[in-house]
Structures are given as C-alpha cells and as structure tokens.
Amino acid sequence: MESGEGTKRNPLKRTFEQFISSSIPVPQSSSMDCDDESHQVKGLYELAMARNVVAVSKAGVAKMVALMMIKQIGEALVDSNGDKKLIAFLTPTVDLVHKQHKEIKSHTNLRVEAYFGARGVDGWDADAWAKEINDHDVLIMTPQIFLNSLRKGYMSLERLRFIVLDECHQTTGNHPYALIMKEFYHQSKRRPKVFGMTAFPENKKDSEDRLRELESLLDSQLYGVDNTIQVDHYIAEERMICRFYDRPQPLDPVTRAELESLELKFDAVLLNCQNSCDGVEQEKCQSLRDRLARNHEKILFCLDNLGTVCAHEVVKGRIEKVCEVQNECRVYNGCVTQYRAYLREVLSVIERSSAAARQQSSKLHSLLEYLKSLRRDTEAHCIIFVERSMTAKVIARVVKKIPDFSHFNISYLTESNEASAVGISPTSEIGVSESYYGNKASILFRTYASKKRAHPFKCSSVICFDLPKTSGEYNQSRQRTFGEDPLYITFIERGNVESLNQISHIIQKEDSMSHTAAAGDLGDSRVKDLATDINLEYVVESTGASVTIGSSISLVHRYCQKLGGKTQSIQMPKFETLNDGWMLRTKLTLPRNAAFETIIGPEAHESKLSKQLVCLEACKKLHTMGALDDHLVPSMKVLPKINSNSIVKGLASAPGSTKRKELHGSVSVRLMSGTWRDKLDTAVFYAYKMHFVCNIAQQKFSSFVLLLETKLDDDVGNVDVELYLLSKFVKASIFYCGQVYLDVEKVAQAKCFQELLFNGLFGKMFVKSSGVRQLLFQSEESLWDPSNMYLLLPVETTDKASDGDLTINWTAIQSCVSTVEFLKNNALLNTRNANEVGSSPSIIPSDSGVAELNDSQVIHLANRSVPLDDLKEMVVVAIHTGRIYTILKVVADSSSESQFDGDATRYPTFATYYREKYGIALKYPGQPVLLLKQSHNSHNLLVDFRDEGMSLKTEPGSVKGQNRKPQQHAHMPPELLVGTDLRTDISKSMYLLPSLMHRLESLMLASQLREEISRHAGHFNVSSSLILEALTTQRCCENFSMERLELLGDSVLKYAVTCHLFLKNPKSHEGHLSSQRSRIVCNASLHKFGTGRKLQEYIRDCPFDPRRWTAPGQLSIWPTPCNHELDTKEVPLDERFFSEDTTLTIGKTCDKGHRWMGSKTISDCVEALLGAYFVGGGLVAAIGFMKWLGIEGEFDPSLIHDSIKAASLYSYAPKAEEIATLEAKLGYDFTTKGLLLEAITHESISGLHVGHSYERLEFLGDAVLDILITRYLYDNHGNLDPGELTDLRSASVNNDNFAIVAVRHKFHPHLLFSSSSLQVEISAFIELVSQLSGNVLAPDTKGPKVLGDLVESIAGAVLVDSKLDLDRVWKVFEPILSPIVTPDKLELPPSRELIELCDSLGYFVKQQFTTNEGVVHADLKLQLEDRLLEGQGSGPTRKAAKGMAALQLLKKLESTGISSSSKLNNGDKDNASGESITEPSISAPKQDKPFELQPETSSAAASDSCKTNIPVLPPINMRKGGPRTALYDVCRKEQWPMPAFQTTEKSFRTAIKLGDTMGFNSYKSQINLVIPGFDKIEVTGEERADKKSSFDSAALTMLLELERRGKIAIGVAK
Ligand SMILES: [Zn+2]
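All of these numbers come straight from a predicted model, not from anything done at the bench.

Reading guide: rules and limits
- Residues numbered from 1 in each chain as written.
- Predicted model: local features only at pLDDT ≥ 70, side-chain atom pairs only at ≥ 80, totals over all residues.
- Heavy atoms only, no water.
- Helix = DSSP H or I, 4+ residues; strand = E, 2+ residues; numbered from the N terminus.
- Polar contact = N/O pair within 3.5 Å; in protein donor to acceptor, adjacent residues only side chain to side chain.
- Contact = heavy atoms within 4.5 Å.
- Pairing = 2+ DSSP bridges.
- Axes fitted to C-alpha atoms, helices over the stretch in contact; angles between N-to-C directions.
- Core = buried A, V, L, I, M, F, W, Y, C linked by side-chain atoms within 4.5 Å.
- Buried < 20%, exposed > 50% of the residue type's maximum accessible area, 1.4 Å probe, protein only.
- Donors = N, O, S within 2.8 Å, 3.2 Å for Na, K, Ca; no water.
- Tetrahedral: all angles 85-135°; square planar, octahedral: opposite > 155°, others 65-115°.
- Parallel < 35°, antiparallel > 145°, perpendicular 65-115°, else oblique.
- Left-handed = near helix turned anticlockwise from the far one by under 90°.
- Nonpolar A, V, L, I, M, F, W, Y, C, P; charged D, E, K, R; others polar.
- Salt bridge = Lys/Arg side-chain N within 4 Å of Asp/Glu carboxyl O.
- Phe/Tyr/Trp six-rings, centres within 6.5 Å; stacked < 30°, edge-to-face > 60°.
- Lys NZ or Arg CZ within 6 Å of the ring centre and 35° of its normal.

1. Let's talk about the side chain of K363
Here comes step 1: By secondary structure assignment, the location of K363 is in helix 14 (residues 362–373).
Here comes step 2: A polar side-chain atom of K363 sits 3.4 Å from the main-chain carbonyl oxygen of F465.
Here comes step 3: Those residues in contact with K363 that lie beyond four places of it in its chain are Y245, N305, F465, D466 and F491.

Listed below in structure tokens is the structure:
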C-alpha cells in the first residue's frame, strides 16, 4: 500500500484512494502519524454504518465515506428472501448526477445508472422502471425524479437499502428532499439507511431549530467531523389513544354582547375612579382595571371552551377573593365595590345563559366521562396537562365539587403562585408525591409551563387535555414515568385538521430524533396510528402510489388535462367555497366527461387546506372508480382494472376474463384405474351392482356389476341415476355389495366379454393393420390401459333393486368367449381379398347339434343350428363385420336370392353382395333371411331431451335427442351370424352403461377433488353431487350447472374477505379496505388461486359425447389426436397456451385431455366450489376451502373483541335516548352501544375521518346483507334458473331497496349528519317513498346513497355486536327487509323488460352499437305498424348503453299506450275470449337477444332495402308447424309486426275428410300482416281438420303471397 509519508501533502486524496482500493471495513490505520482526516473518515464511516448520519463536513470526507458505504452495502444487495435491493444516490443537479455517476462507476463493480429529465424518464411507465430497477444496483438521480417515481408507485422505499442525499441542507419546505422524507420515508415500514451530506455555510444563520428540523426530517443525527452532536432520548413504549371531542359551540351573541358591555361599562366606571385619584391609589385602580380585563377574557375563554359551569366557578372564586379585600381608601373601596358589582352582574348573566347544553363543553364532558370510568380504580393516577393555569385550577375546582370524584385526591400544579386565589392550596412538589403515594386515587392537573420538573410519578394515565404546542411541551408530557406503561390520551377536536397536523408533526419530529436507524421502529407505531387517523394521504396499497394533501390539487389538474384528450381543449376543475357555519368546505366540480361531477370536501378552517382536502377526496374517489390507475396516473380506460403483474405480454385480456382462452389438461380419475392387467393370481374387486327399472314394466334390462380396484365413497358408490330413453325412462340404482375375487381365468373371460360386446356394439371389430384387415382379437396390442381398468359384467337379475345377492352371469360371459374363439378360427375368411372369388373358404361350424331336426324348423347360423322358436331376441355377431345384432324375426318367403336391401343395382341379391363384397359363398342360399335390430351409437341418456326447454339450451351440433336417427333394421342371411347365449336384455343394458358410467366417473372426479381439499383443509361434509354441480359448466348441457352455486359463492367470498379485512385492519378506512378486497376477489386473483391448485383440470366443460366414451377393452372409433405439441397430460401455464382467438372451439378435448377453456370459467368455478362448501358445511367449510386455495379469510375471534372494545370507547351518553329508540325499531339490544352510534354517524359530522363514522361498518354490512339475502334466495328458489336468481339478487341487494327500507322503518331520523344538501335530498326521497305503492322506484330515480348505507352499516354493527353471528343478523333483518322480492314481482332491467314486452306483442327490436373512444352508443329501433320508434343511449359498456336506450324506448312506447301493464291486460282479455291469437309453443320464439345488425345496415332505409335486397328464405318445411315458423322468421328479420291469426271453426254432424284425416270439425284461419310503409296483407288458408294445421295453411298462403308481391323469395328444395 502506497501510504508513505511522501504523499502526506495531499492526505485527502491519498486516503481517498487508499480507502477505495482497500478492503472494507477500514483497515487499522497503517500510517504511523495520526492523520486527522484519515481518522475523520474512519470515524464517520463507522458511525454512518451504525446509524443514520448527516455529515457536516468538507465535501471530500463525506463523499468518500458515501462511496465506501455504497461499496460495502452494494456487496449484499440481495436479502434473505431473495429480493434484490437498491441504493439511491440523490443529488440536486443534473451536472452532479453525471459527476457522481462517473465517480461511483469507476470505483465500484456495481451496476450504476444515472437518471435525469433528458432521458425522458418522466414518460416512463411501470414496466420501464421495473426494468431499470432490476438491471441496476445504484440509481443516481435528482430528487425530483425520485419523488415522481415514488409518487407514481414505480419505486418504493422498501426496495431501497441505502439512500444518499447530497447537499441535504436543502431538506426544508417543499423541496423534493423534504417531500420524499415526509411523504414516503416517514410513512415507510422498512426504512432504508440514510446518509446525508452537507457543508453548512460558516455563518450561523441556521439556527439550532433549523438543524433540529433537518435531523428530524432526515431521521438522522448531525455529525460534525470534529464535534459530535448527540441527542440521547429515551421514550418509553407507550400506549397512545386519541379522544375526540366536538368543536365547542360558539357563545350565543346575546350573552357575548351582554358581557362585553358589562366589561366596557365597569371599565369606564373604574377609569373614572382612577382619574379621580393619584399615586398609589391610581396604580391600585389601574391594577383593578387590569384584573377586570383579565377576568373578562378568562370568563369568555371558559364560556367558549369549557362550558358555563367553569365560567361560573371562575366568577364565584373571584367574588370570594374580592370579599377579603380590606379598604384602605374610599375611592379604592368604591372601585372594589364596583368590581364586585361587576362580578355579580356577570354571574347573573352566566346563570341566565346557562342552558343545559352549555353546562359542559364537549371537551370537558369527554374528560369527565373518562375520569368517571376510572372511579372504581383505586390505582388510577392521572396527570392532566393543560395549557393555562386557569384551566388547571378551574377544572380542579369543578371536579372537586362532583360527588363522583369524592374519593380522588385532586390537586393542581401551575407555574404561578396565584393558585391560592381559587381556594385550593397550591400543591408543592412534595405534597404531590405524597398524595401520589397515598392509597387514594389521584388526579393532578398541571400546565405544560409549570417549571418544576415533576418527580417520576407512578402514573397510569397521562392526558393531554390541551395539545402541546411545542416539542418542549410534548416532551414535558412524555417525561419518564416508572411503573406500568401509562396510557397516553390526547384530546383532539373533531375535524380540526390543523391541530392534528400540529401534534403529528411534533410527535414525528420527536420520534425521529429519538431513535437511530439501528434502534429500529421505536415509536413508529404511534406515528403510524396517528397518521392513519388523520388520513391526510391516500395510498394505493397494491403499488404504494400515494397522493397527499400537498399533491392532491395538481393531480386533479392533471386528471382534468387528460380529459381534454385529443381535442386539446383545456379542461379545468372548478372550486367553490361553501361557508358552512364558521368552517369552510370546498365544492369541486370536474369537467363534464369526468368520472364524476361534483364532490364536497370535509371541513377546514382555511381555504387552501379545504381545497387540498377536497382534491384528496376526489383523487381517492377517482381511483376507486378506476379513473386513476393503481399508480394514480389518469387512465382513460373505463374497463375494470386488471392486475398488471399477471398480464401476459402480447395479450390484452387478463386472466379470469371471458375474452382470454387457455389450454388446460384434464385430471385423470384415479378410481377408474387398475393395476390388475398383468396379474397372475386372483384379483380382488369392490363390486357395485347396477340395477335397472324401466317405467314400462315389460321392458327388462339385465343387471350389471361394476368391479373396481378401489372402494368408492358412499355418496358415489350408492346412488340412483335417472336415464332418459327416447320413449321411456330407466332408473338405475347403484349400490355396493362387497368384494369379489376373480382368478386369472375368470378375469380373462370377463375381459373377453367386455371386448366383444363394447366393440361389437359401439366400436369396431376389424382394424386395418399394415393395409390388411384384421380381427381385433388377433392384434397383439392390449386394449387395456391401466388408467381405465374396470370390469362391467352382467349379473343374474333379481326383482328387488337393493338385493345384495350377486351372481355373475358366467353363462353369458363364456358364450362370448366361445364366440370370440369362433371368430378367431374363421378370421382367415375375413382377411381374404374380395377379388379372390372361387377359393372362398367355408365357415367351420363349431357344432352341429341340431342337425337332426327337420330342416324347415331349423335355421343354420354360422356356428350352430337353432330351432326357429329360439331365434327371437338372440344376440348375434356378424361374422364378416363383427357387428352385434339382435334377431327380430325370420323374414317369411325370402332367401339369399331375394332382392338385396342395399344397392340393388350393383348387387341384385344378398348372395351376390356377400360373394362380391366379402368373397363369401353362401352354403345355405335357400334359408330365409333374418330381420335384425342394428346396434347403434349410445346416446346421452342423462338429460331428458324430450323436454323442449332443455333442447333450446343445447348448442347446435351437440349430441341430442333430435339427432337420433330412426331405428334401422337390417336383413342378413343366417349363416353369416354367430349365435350367442346372450339375450336382448343384456344388450339393452349395454346401451345404458356409457351414460351411467359417465355420471359415476363425474362423481368420482368430484370426490377426488373433495379428498384433495380435505387433505389440506380438513374434512367437511360436502356431497360429491354438490361438488360436481360446482365443477360443471352450462356448456355440459347437464340438468345442473355451476351458476347458482357461483352466485352464492360470490357472496360468500365477498363476506369472508370483507370480515377478514375489517377485523385485521382496524385502522384502515373503507376505501383502503375496498381496494384490498377487490384485489382479492377479482377474477384475475381467483384465476390465480384456482390454477395454483390445478382446479382447471377438474372442470367439466363439454357435453358428454357417448361416441367418444370407451369402456376398458374398447377401441375408440372417434380418435381425436392431440395437436397441441405437448407430451404431457398437464398443460403448463404458459403464454403459448393462451389465446384470444375467437374461432377456437371451447371444451373439445383431445385424446390427451387437453381442451381450450375460457379463462373466466376457472374464476367462476372457484366461486361455485366456495358456494358448494358453504351449502354443504356452512361458513366454516367455505373458509376451509378458501384456505386450501390460499385466500386469506379466517377470522381471529380475539380481533372481534378488539373491534367491540374500540367502539366501546365512544361516548354515547348524549345520544342515549336516540340509541334506545333505534334499538327498539330494530328489535335488537346492542351490548356495545358505541357500535350503533358509529353506524349512524355520517362522515359529515365526524369531520375528516377522525372520530368514528359509519363507512367501515357499511363496508362490512354491505357484504353481510349480500350473503344473507343471497342465501335466502338460494334456499327459497331452488327451481329458479341462475339468470333469474341473479336478477332477484340485484333487485334485493341494492342501495335503492335499502334506502326505501330505511325510510319505511324510520331509521332516517337517527342518522347523524351535518349537511344541508343531504337534508334536502333525504326529505325529497321521503316524500317520494310516501307516494310509492310498491317497493320499486321508477327507473330514473335513485335513493340517496346515505340511506342505503345506513341500513348496511346498522347490519354491520349488529354483526360485530353479535360476534359475527350471521343468523342473529338475519333474525333482525329478515322482518326489516321483508317482503323480499319474489320472481313474480321482479322488476326487470329496462332492456329485458323491453325485449319481453316486444316479444309478447310481436314487435322486434333492432339494435346497433358503435364505440367511440371507449364510450358505447346504443341505437335501438322498433317498428310499429304506423311508425318507427327509436331509443338511444350511451355508456361505458354495451349493457349500460342498451339499458339507457331501452328506457327511452319504453317511455316512447308508453306514450303510444303500450306498456308492460297494458300488455298484461291484453293477455287477460285474450284468455277470456278463449281465442288465443297465436299458438303458445311458437308465438314467442325464445331468444336471448334481439337480432343484431351489422353497423353498416341502415334500418331507416328499410323499405328501400327491401326492394333491392329481398330476403331469401330456405325451402319451407312442409311438416306441421313449418310454414308458421318460416313466417315468424321473416317477420322477425324484416321487423314487421307479428302477424295476427283469426280462426273460424265449423262443426259437422257427420265426419268429413280433410286431407288425410276424418273429423267432425273444420278450421279455417285468416292472417293479417302489416308491412310498415308498404301495405296490409290479408290472406285466408284452407280448411283443415285441426286448428294448428289451418294456421300452417294460412301461413303458407301468406308466404306465397309475399313472394308474389316481391317481398321475399323462397328457396327451392333440392
Ligand atoms: Zn392435446
């Protein structure tokens, strides 16, 4: 090391190099001579590493230490959690940024980067910053840039480990340094280390205060390089609470004027006396005058601040004192007499004005209430700090007179000796301590200014009755006490922001001075608590972005600027000052296109503050509404906020959204798997018998048994399933009947049975293997996959369903084995090429036992000869195809030479067909052919498709009843059929198995998920069918789906999360809580929780397709190979597998189980499962399920207690009567009245979030009522479809409804608020409600939010008071909310009402949407006979825009005399006449939405477009109903009003023939059709035997007439 003496001339430079290049920590001084600066550097470095320091020194030393620290700290920037931290170097100018950048870069190996305005940092977004933060270790920038990035939440102090502030003496006022420290550093939980550098100017301009401020702001200690400034402070851990009191009522002007005039009058009298004497006398008079003035001031002070009782006390004390005065001089005596007279007059004035309300001020009352609460506490020792000695004395006097306090030792301590004047001996120090150590509880009033340092008292509470004004006063009140921690109580005036600011400032300052960085968070909690109470800033918790009162105005301006958008027009917010009494409020009006229009801020004393406060409120609201994003940057998106972290790049849609589609795998059902495939010894199975009963008694189905390797849960293995066949229905009962042991041979036979039957019926028996057609059984490949291993075997059928007796039908099974053997032996036959005619092999019969019988009575099958009578219902296998048939009958008079029933031109006879196609020469060509029932695909029997309601919901192309082909029969020569011992009852049951197994498999899936959840969350009694419902989407076309549970789950989730947040964050305000909640319950989060548990793999999202179902041993004939480029069954959550492609088919599963799924489906399923757990196991189970997912929702019971305790501190005494009345109305007696008081307190009265107001309880109550009402609706409307249930919920759980409830039950008079505009709003609404007949407001009126809130907050209060007893809350609220909306009273949203009205009247609505800069405009057109009505609306979503337009259209309709109510009347009339105009089944074609037109189509030119653009109809279906449907379709498409039918009926005495039918009646229908702007057409159809056919006839006539007139063209059937 080159630290020789030669470089001593420039020690700074040398040591600099030395330290930088040397290892750290600083090496022991290597130089022999004591180098001052080297020591300075070392000393400063060590101190600065230990705690936060502001170095006051020459630039060099501090810079070097900074560099050393950066190097040292930079070595370990990754913390124990693996998070990388940062170092920030702030320096005031861009030049310095460059300089430092260069310096640090060249001396460290850290990744260093400089930031300054020219780099465009102002325009960087969160991503850009995130990249910078990730890529660098040391960021060098100007404080302004740093502040901006903090304010936008792009940077957080938590990310920093070390922050250097160069030239930090600038930290004052509104300098960015000061703002960084005030707004962020002091609010931060994890503060970085701070190192400040400054070279103070030599002159001592900076006072000590200034230095103190610097220390406090920078949370550091000043360190002069040669003198150390040390401040040692110790502050005990404290418990600190605030007690709020109301602003004192101003003294009434009359009394004030009376007192003023008394003072003036007597002063004049005394002056007169004074002037009449001289010398000592004159001075005495003068002092009397001064006393009079002082007393006057004191009396007014008492009246203003403490109440008449104190003023009275003061005056009485004065009178007592003045009586003692002995006369010395006549004039002076006269003066004293006058003075006494003055006091007496004042006394009488006070007594007169002494109304009850003014006896004690709220502040004094609050103090006395607190002291009263200590009555029984003999250990209570209070010190009460007041500002003025007069206050100490007078309150002490007042308290002494109150009997309640008789056992207290009451004393006071002031700075002066005047005390004796009030009649209480001034308490000496010794006296105080004596009384303190006595057995009596004690109260000591003392002034801050009392100079005597109090001895360390044993003290239980310290009360700041008046706020400390300076740090000194604060410290006075916080002086060391011993014994237990005292409770610190600070009295704060409600709504007085300045005083709050003052105290928090003092506390912060004192605290930051009192601890070093190393000392940790001592005192933090107190500052934090107070800061939250004051709430002068708004923080977005997710990003940490914040706005304070200092920055709120500019943010509002920026937001308004953004509103101007591209038009460049300048939009300005408008401020208006409202004089509300003696406090100010500011009304802020935002430009018209802002998220909201006006807001009135909280009260303030001063107009600037009031403006800042209203802007802060506005920012908060704008963020809640989404107009400011989570970085508090104005966002013009109206769309709901999405979690920016989880957005996949390149994909705009968020997880959990409908638009986003994701590829997911499907979980395998473990219970279906088996390991016994290659087992060589006996296999053990659990047997589940399947018993079938048909509603048609003659229909017999063989019982089956399902053999599984694993036992099923009871609610899976013992179930009944209803199966719907085309014309009948079968009830399948499944039950467990013990274990079954099968040896290897039996297992082989069973497998053989399964392979033959399932492939013969549903699959195929021949496969192409390297070009050669091969029998399946000859293949080496096993058809048995361990993941799908179970047996389905026929058992002997008994009549009793629950008969546990199990006899496997081995006869049938063995018959299958021999059939397979036979097929194998004759397999050669089938491998032959059809062209090799001539060498046709003959079938090798297996037996010929019946050959002796008469030939005419015997039919020769391929393998046996069977008597004719035994043929019926025999199951046979075609030898050339392997297909399975059932013999229906022998076709008489036929032979193989009969005409072939297939392509007769190519193959004239059966014999030629088989010879030429299969190369089979028939041996018995003379045998009659057999009529066979063909096998066919199995169907989905789980859904009753005969129910039209269901079929309407099915998507096109899905498998459904209508697609079933009519039964086909086949003819075949008997010798091609292999006979079996199986009868038709077995093959019939086989058709039931796919559907039944599908249901069982689904239930197994559900129980598998349940097991998975139980493993982590404990067992809850939730049935597998309920879980299955939650896993099933509507796309599955089952009888059940997740929507209803999802609706319930949504409420449960909201409630659980709300409760959790409410209890966990007792200090957080409603806005914070809401934003936290929405982050947890938003779809993106639910998606994250769901996929975290791989829930997506359990979701069932496509209809059951029996064709793709395969039994073990069955070959799939509908393979869907995977084309997803994935080897695994599982699909990773990767961008590659996300898409927004709208053409993707949802739900279709490939053979590996991959399928595309709507991202939202996963979020929905999470909610539905939550609903299922709630239904099955109550809230406990629901919370258990949430825990499994990782959603925090647990309630800590002790927190409930805390909540109650907090509310119990509120003094409700003045409102006791109010509370009791309201309790009576509720029928609930609160244990903690403070809760109800909180619930009825509007924020306008509680001022600026100090004290209590109902918002938090409302936040809770909203969720409570939501879950209670939803649960009620769910329980009571089991048959309602999910859409209707949703409508019911939104009709019940809404502000308007609650507002009406509040008025109906007269809760509104109890609301405590102070706002005249609110008063007006409420009165107007009460008037409105009184005129209301039902419980529904007109669509364009709204209930005041505050009234709805009131009901919710009361519900929240009852919930907390009852310690979260939901049933108790419901007991209180069910009668209050009744009647709860029922489906028939459901008020429909305007669009739905419009559609239903038009549907019923036969009008059709055309809708058109255009989107312009995020605003959707809806244009609805409705064509009546005589005119076109139009409705327009706009809004952020299609739904909203359409709602507005629909409302407009409904009003227009109403003005033409058409409304929902008139619709009902019409309906009644029609029914009465018994002449229904239209046939119900098709009159109102159910459609979810009206026809949508492409925007370019103009409906205004409808008549023109008809000429040029004639609609072409598909060929008319001439079946019954066909023409009618076609006519309705035309009318709907062309927007013509619904045609009107009229039918005339004729009766005849004798039957007449009409068409194909005979009857006694004939019907003839006439149609009237109005084509707007064209003509009215009237046609009459032909006479028909029934009414509906006559409609068809008329409709056809009408269609032809329309075609003739050129209105339509009808396609021709091909
Ligand atoms: Zn795939």
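Once you've had a look at it, read on.
2. Side note on the sheet that holds strand 26 (residues 791–795)
Here comes step 1: Ordered in space as 22-23-20-21-26, the 5 strands form an open sheet in which the pairing is antiparallel. Edge strands, defined here as strands with exactly one partner in the open sheet, are strand 22 (719–724) and strand 26. In this sheet, neighbouring strand axes are inclined to one another by 30 degrees on average, regardless of whether the strands run parallel or antiparallel.
Here comes step 2: Note that strand 20 (residues 683–694) and strand 23 (residues 729–742) share 11 bridges and pair antiparallel.

3. A few points about the nonpolar core
Here comes step 1: Ranked by internal contacts, the top residues of the largest apolar core, which has 223 residues, are M690, F692, Y1055, L1226, I1354 and F1373.
Here comes step 2: Tallying contributions element by element places helix 34 (residues 1159–1189) first for this core, with 17 residues.
Here comes step 3: The contacts of I1354, once residues within four sequence positions are left out, are L1222, L1226, L1236, A1239, F1307 and F1373.
Here comes step 4: By size, the runner-up hydrophobic cluster in this structure holds 63 residues, among which are V315, V386, Y412 and I443.

4. Section: the side chain of R1524
Here comes step 1: Its place among the elements puts R1524 in helix 50 (residues 1522–1534).
Here comes step 2: A relative accessible area of 4% means that R1524 is categorised as buried.
Here comes step 3: Within the structure, the side chain of R1524 is placed 2.6 Å from the side chain of D1592, a separation counted as a polar contact.

5. Concerning the pairing of strand 30 (residues 884–890)
Here comes step 1: With 3 bridges joining them, strand 29 (residues 874–878) and strand 30 adopt antiparallel strand pairing. If you follow V875 over to strand 30, its bridge partner there is T886.
Here comes step 2: Taking the residues between adjacent antiparallel strands as the criterion, strand 29 and strand 30 are bridged by 5 residues, where G882 takes a positive phi near 80 degrees.
Here comes step 3: Bridge analysis of strand 30 against strand 31 (residues 930–933) gives 4 bridges, and the strand direction is antiparallel. When the sheet's bridge partners are listed, K889 is paired in strand 31 with L931.

6. A few points about helix 7 (residues 176–184)
Here comes step 1: With 8 of its 9 residues buried, helix 7 lies for the most part within the structure.
Here comes step 2: Those residues of helix 7 that sit buried are P176, Y177, A178, L179, I180, M181, E183 and F184.

7. Description of the coordination of the zinc ion
Here comes step 1: For the zinc ion, the protein coordination sphere consists of C1122 (SG), H1124 (ND1), C1150 (SG) and H1154 (ND1), at 2.0 to 2.4 Å.
Here comes step 2: In this structure, the zinc ion is coordinated by 4 donor atoms arranged in tetrahedral fashion, with angles at the metal of 100 to 115 degrees.
Here comes step 3: On the primary sequence, the residues serving as donors to the zinc ion are separated as C-x1-H-x25-C-x3-H. Of the two residues, H1124 is situated in the loop between helix 33 (1083–1092) and strand 34 (1138–1139) and C1150 in the loop between strand 34 and strand 35 (1155–1158); the sequence distance between them amounts to 26 residues. As far as the burial class goes, H1124 and C1150 line up, both buried.

8. Describing unusual backbone geometry
Here comes step 1: A positive phi is found at E873, a non-glycine position, where the angle reads about 70 degrees.
Here comes step 2: Among the structural elements, E873 can be located in the loop between helix 26 (868–871) and strand 29.
Here comes step 3: Its identity is not glycine, yet C1037 carries a phi of approximately 55 degrees, on the positive side.

9. Focus on the packing of helix 30 (residues 1024–1031) against helix 34
Here comes step 1: Two elements in contact, helix 30 and helix 34, have axes whose closest approach is 8 Å; the angle formed by their N-to-C orientations is 160 degrees. Between helix 30 and helix 34, the interaxial angle falls into the category roughly antiparallel. Regarding helix 30 and helix 34, the two cross each other, and that crossing is right-handed. In contact with L1026, I1027, A1030 and L1031 of helix 30, helix 34 contributes C1165, A1168, L1169, A1172, Y1173, V1175 and G1176.
Here comes step 2: The residue inventory of the contact of helix 30 with helix 34, partitioned by class, reads 10 nonpolar, 1 polar and no charged.

10. A short note on the pattern of salt bridges
Here comes step 1: Under the definition given, this model contains 44 salt bridges.
Here comes step 2: A salt bridge links E313 to K401; its shortest N-O distance comes to 2.4 Å. Within this pair, whereas E313 is found in helix 11 (residues 308–324), its partner K401 is found in helix 15 (residues 389–401), the two being separated by 88 residues in sequence.
Here comes step 3: Judged by relative accessible area, which is 6%, E313 ranks as buried.
Here comes step 4: Where K1233 meets E1223, a salt bridge forms, and the shortest distance between an N and an O atom there is 3.0 Å. Highlighted residues: K1233 in helix 37 (residues 1233–1239) and E1223 in helix 36 (residues 1216–1226), separated in sequence by 10 residues. For the residue pair K1233 and E1223, the accessibility class agrees, reading buried in each case.
Here comes step 5: Among the charged side chains, a salt-bridge network with shared partners connects D1050, K1054, D1262, D1266 and R1289.

11. Some words on the packing of aromatic side chains
Here comes step 1: This structure, assessed with the given rule, holds 28 aromatic pairs.
Here comes step 2: Their ring planes at 90 degrees and their centres at 5.4 Å tell us that F900 and F910 sit as a pair that is edge-to-face. Here F900, found in the loop between strand 30 and helix 27 (910–918), pairs with F910, found in helix 27; they are 10 residues apart in sequence, far enough to count as distant.
Here comes step 3: Through successive ring pairs, a cluster of aromatic residues spans F900, Y907, F910, Y913, Y914 and Y918.
Here comes step 4: Above the plane of the ring of W810 lies K746, whose end atom (NZ or CZ) is 4.9 Å from the centre.
Here comes step 5: When the ring centre of Y1274 is taken as origin, the NZ or CZ atom of R1044, which lies over that ring, is 4.6 Å away.

12. Some points on the sheet that holds strand 30
Here comes step 1: The sheet built from 5 strands is open, its strands ordered 32-31-30-29-33 with antiparallel pairing. Each of the sheet's edge strands pairs with one partner strand only, and the pair in question is strand 32 (969–972) and strand 33 (977–983). With strand direction ignored, the average angle separating the axes of adjacent strands in the sheet is 45 degrees.
Here comes step 2: Against the sheet, helix 29 (residues 984–1017) makes contact with strand 29, strand 30 and strand 33, and its axis sits at roughly 85 degrees relative to strand 33, the strand it touches most.

13. Focus: the environment of D1202
Here comes step 1: For D1202, the location among the structural elements is in helix 35 (residues 1197–1208).
Here comes step 2: Sequence separation of D1202 and K1064 is 138 residues, and the distance between their C-alpha atoms is 10.0 Å.

14. Some words on the environment of K764
Here comes step 1: Inspection of the secondary structure assignment puts K764 in the loop between helix 23 (744–762) and strand 24 (766–769).
Here comes step 2: Overall, K764 belongs to the partly exposed group, its relative accessible area being 39%.
Here comes step 3: Distance in space between the C-alpha atoms of K764 and L1115 is 7.2 Å, their sequence separation being 351 residues.
Here comes step 4: Once residues lying within four places of it in the same chain are set aside, the contact partners of K764 are N759, L776, L1115 and I1117.

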